[in-house]
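# Observations on the model geometry
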Amino acid sequence: MVTFGLVQNAWDRVAAYAAHDDPMVAASNLIALVVASNQPFYPLYVYWTVSDCIWPTLFTFLSTPFFLAVPAIARRYPMGGRALLPVAGMANTILSAKVFGQASGVEIFLIPCALIAATFFRASERIAAFILIGAALLVYLGLDGAYGAPVHAYTASEYQAFFRLNAMSAGTLTVFVGLMASGLISQLKTRT
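Residues numbered from 1 in each chain as written. Predicted model: local features only at pLDDT ≥ 70, side-chain atom pairs only at ≥ 80, totals over all residues. Heavy atoms only, no water.

### Comments concerning the pattern of salt bridges
Operational definition: Salt bridges are defined by distance alone: a side-chain nitrogen of Lys or Arg within 4 Å of a carboxyl oxygen of Asp or Glu. Strands here mean DSSP runs of E at least two residues long; helices mean DSSP runs of H or I at least four residues long; both are numbered from the N terminus. Throughout, exposure labels follow a simple rule: accessible area from a 1.4 Å probe, protein chains only, divided by the maximum for the residue type, with under 20% read as buried, over 50% as exposed, and the rest as partly exposed.
Taken as a whole and assessed by the stated rule, the structure comprises two salt bridges. Residues Arg 122 and Asp 22 are paired through a salt bridge, measuring 2.8 Å at the closest nitrogen-oxygen approach. You can see Arg 122 sitting in the loop between helix H6 (110-119) and helix H7 (126-142) and its partner Asp 22 sitting in the loop between helix H1 (2-18) and helix H2 (23-38), a full 100 residues away along the chain. One salt bridge in this structure joins Arg 82 and Glu 125, with 2.8 Å as the shortest N-O distance. In this pair, Arg 82 is assigned in helix H5 (residues 78-100) and Glu 125 in the loop between H6 and H7, connecting sequence segments 43 residues apart. Residue Arg 82 is classed as buried on the basis of its relative accessible area of 2%.

### Considerations on the packing of H2 against helix H4 (residues 64-76)
Which entries qualify depends on this criterion: The axes used here are C-alpha line fits, helices contributing only the stretch in contact, and every angle between their N-to-C directions lies in the interval 0 to 180 degrees. Here the word oblique covers every angle except those under 35 degrees (roughly parallel), over 145 (roughly antiparallel) and from 65 to 115 (roughly perpendicular). Here is the rule for handedness: rotate from the far helix to the near one, and if that takes an anticlockwise turn smaller than a right angle the crossing is left-handed, while a clockwise turn gives right-handed. When checking whether two residues touch, look at their non-hydrogen atoms; a contact exists if any pair is within 4.5 Å. When residues are grouped by polarity, Ala, Val, Leu, Ile, Met, Phe, Trp, Tyr, Cys and Pro land in nonpolar, Asp, Glu, Lys and Arg in charged, and all others, Gly among them, in polar.
Between H2 and H4, whose axes approach to 8 Å, the crossing angle comes to 160°. In terms of orientation, H2 lies roughly antiparallel with respect to H4. Handedness of the crossing formed by H2 with H4: left-handed. Every residue of H4 that contacts H2 at Val 25, Ser 28, Asn 29, Ala 32, Leu 33, Val 35 and Ala 36 is listed here: Thr 64, Phe 67, Leu 68, Val 70, Pro 71 and Ala 74. Tallied by class, residues from the contact of H2 with H4 come to 10 nonpolar, three polar and no charged.

### What about the nonpolar core?
The cut-off we apply is this: The definition of a nonpolar core used throughout is a set of buried Ala, Val, Leu, Ile, Met, Phe, Trp, Tyr and Cys residues joined through side-chain atoms within 4.5 Å.
Ile 31, Leu 85 and Phe 120 are the most contacted members of the largest nonpolar core, which totals 34 residues. When residues of this core are traced back to their parent elements, those giving at least two are H2, H4, H5, H6, H7 and helix H8 (156-191). Apart from residues no more than four positions distant in its own chain, Leu 85 is found in contact with Ser 28, Ile 31, Ala 32, Phe 67, Val 70 and Ile 116. Cys 53, Phe 100, Tyr 159 and Leu 165 belong to the second-largest nonpolar core, a separate cluster that totals 11 residues.

### Examining the packing of H4 against H5
Remark: H4 packs on H5, axes separated minimally by 6 Å, with the N-to-C direction vectors making an angle of 165°. Between H4 and H5, the interaxial angle falls into the category roughly antiparallel. The two elements H4 and H5 cross, and the hand of that crossing is right-handed. Only Pro 78, Gly 80, Gly 81, Leu 84, Leu 85, Ala 88 and Gly 89 of H5 make contact with H4, whose side of the interface consists of Phe 66, Phe 67, Ala 69, Val 70, Ile 73, Ala 74 and Arg 76. When grouped by side-chain class, the residues that make up the contact of H4 with H5 number 10 nonpolar, three polar and one charged.

### Details of the layout of surface pockets
Rules: As defined here, a cavity is a set of points on a 1 Å grid over the protein atoms alone where a 1.4 Å probe fits but cannot get out. A pocket is an open set with protein on both sides within 12 Å along at least five of seven lines, and residues line them when an atom is within 4 Å of a point. Grid points are joined across faces, edges and corners, and a volume is the space filled by probe spheres set on the points.
Size it by volume and the largest pocket reaches roughly 590 Å³. Forming the walls of the largest pocket are 27 residues, and the residues nearest its centre are Val 35, Asn 38, Phe 109, Ser 169 and Leu 173. Elements supplying a minimum of two residues to the lining of the largest pocket: H2, helix H3 (42-49), H5, H6 and H8. Class assignment of the residues belonging to the lining of the largest pocket gives a composition of 17 nonpolar, 10 polar and no charged.

Next comes the structure, spelled out in structure tokens:
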């Protein structure tokens with residue numbers, strides 16, 4: 001019983017941290033916290049599916065504080081918090097492409113970054129959305145081949161596994177973002 005109470009208390013605190021009166025902000029906050037909560041498992045996924053050389057995955061933790069900060073920023077600056085989410089995602093993608101190499105397929109995470117930018121900004125904020133979507137495209141096109149050598153070179157078969165892992169992870173995140181967006185649409189239909 002004590003364990004359940006501790007878990008419930010922790011869950012309530014996380015839910016309160018992610019909560020916001022604006023449903024778009026609340027959805028962005030939840031996405032950011034889900035991404036941050038999954039980052040500690042990434043080294044395990046790499047270990048299980050790619051290689052036992054997982055020390056390069058530790059670089060991905062540099063972005064964790066930025067994902068965790070999204071709800072705090074959004075409390076004071078709702079649009080800034082929502083913008084931080086795809087910016088942190090793009091920065092993590094750039095870092096990961098440098099660390100693992102482009103052959104890892106990690107740049108596929110630019111898709112959910114662009115989707116978040118396209119989905120969680122109002123019509124009056126479209127300029128911010130277009131800038132973020134353009135930034136994702138610019139990262140993909142502008143940095144192609146410019147990362148240099150990765151910090152660790154994996155084998156061809158390991159890179160194939162890496163690509164599959166990142167495609168599955170980015171696909172799952174994209175589906176999750178889509179589910180959050182469909183929930184927002186349902187809320188809007190209910191209100192009207």
